[in-house]
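Coordinates in review
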Amino acid sequence: MFNDIGALEVVTIVVLAILVFGPDKLPKVIQDVSGVIRKIRSFSDSAKQDIRSELGPEFKDFEFEDLNPKTFIRKHLAENEDLREIRTSFDLRKELSEVTDAVNGKDTQPGPAASAAAATPVAGTGPDLLKKPAAPAAEQRTPFDADAT
């Protein structure tokens, strides 16, 4: 819970506590604070036990930490075998490098599907996205209004 507190911060808190409460009242304050923390923990544990007993036996493996959306999603994604298979089979870096090479016009090593598609051209498949389109004629350009921008 307090993993990011260093030694200097702890020393500062102790010195401030001694200055605020004084060395004679400090042990009593520490006992009172620890007692309150123990009571809060026991109250929350008994509330959790009451909720589990009221839910019944079908919720015996219910954990309150699962109510956190991040934990819930992480748990259900980790349990799904299909998603795990998709995650391991998809290489985003390879896909991005292929797209970058295609955009830059570099020669890439086509996969089996790409070589089969290149070997059998189909009429009417659409424009070639690898070629730079020609500049439109002057009459096709939309008018530009510098005052409108």
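What counts as what
- Residues numbered from 1 in each chain as written.
- Predicted model: local features only at pLDDT ≥ 70, side-chain atom pairs only at ≥ 80, totals over all residues.
- Heavy atoms only, no water.
- Helix = DSSP H or I, 4+ residues; strand = E, 2+ residues; numbered from the N terminus.
- Buried < 20%, exposed > 50% of the residue type's maximum accessible area, 1.4 Å probe, protein only.
- Expected span 1.5 Å × (residues − 1).
- Patch = residues over 30% accessible without salt bridge, like charges linked within 9 Å, V, L, I, M, F, W, Y side chains within 5 Å.
- Areas by Shrake-Rupley, 256 points an atom, 1.4 Å probe, with all protein chains shown as cover.
- Salt bridge = Lys/Arg side-chain N within 4 Å of Asp/Glu carboxyl O.
- pLDDT = per-residue confidence, 0-100.
- Contact = heavy atoms within 4.5 Å.

1. Brief notes about the overall build of the protein
Per the secondary structure count, the protein includes 6 helices and 0 strands. Within the span of the protein, comprising 149 residues, buried residues form 5% of the whole.

2. Structural notes on helix 5 (residues 92-104)
Here helix 5 spans 18 Å end to end across 13 residues, near enough to the 18 Å set by a 1.5 Å rise per residue. Backbone geometry just after helix 5 places glycine 105 at a positive phi near 80 degrees.

3. Topic: a nonpolar patch on the surface
There is a patch of nonpolar side chains on the surface, built from Ile5, Val10, Val14 and Ile18 and spanning about 290 Å² of accessible area. Exposure remark for isoleucine 18: the relative accessible area of 37% places this residue in the partly exposed category.

4. Things to note about the pattern of salt bridges
Tallied over the entire structure, the rule returns 1 salt bridge. Of the charged contacts in the structure, one is a salt bridge between aspartate 32 and lysine 28, with a shortest N-O distance of 3.2 Å. You can see aspartate 32 and its partner lysine 28 sitting in helix 2 (residues 26-55), 4 residues apart, about one turn around the helix. The exposure class of aspartate 32 is partly exposed, given its relative accessible area of 37%.

5. Examining the confidence of the model for the protein
Per-residue confidence for the protein gives a mean pLDDT of 77, with 70% of residues at or over 70. Considering each helix and strand of the protein separately, the mean pLDDT is smallest for helix 6 (residues 112-119), with a value of 49, and largest for helix 2, with 92. Ignoring residues within four places in sequence, the model shows residues 115-121, a span with pLDDT below 50, making 1 contact including any to other chains.

6. As for the environment of glycine 105
One can find glycine 105 in the loop between helix 5 and helix 6. For the pair glycine 105 and leucine 130, spaced 25 residues apart in the sequence, the C-alpha separation amounts to 6.8 Å.

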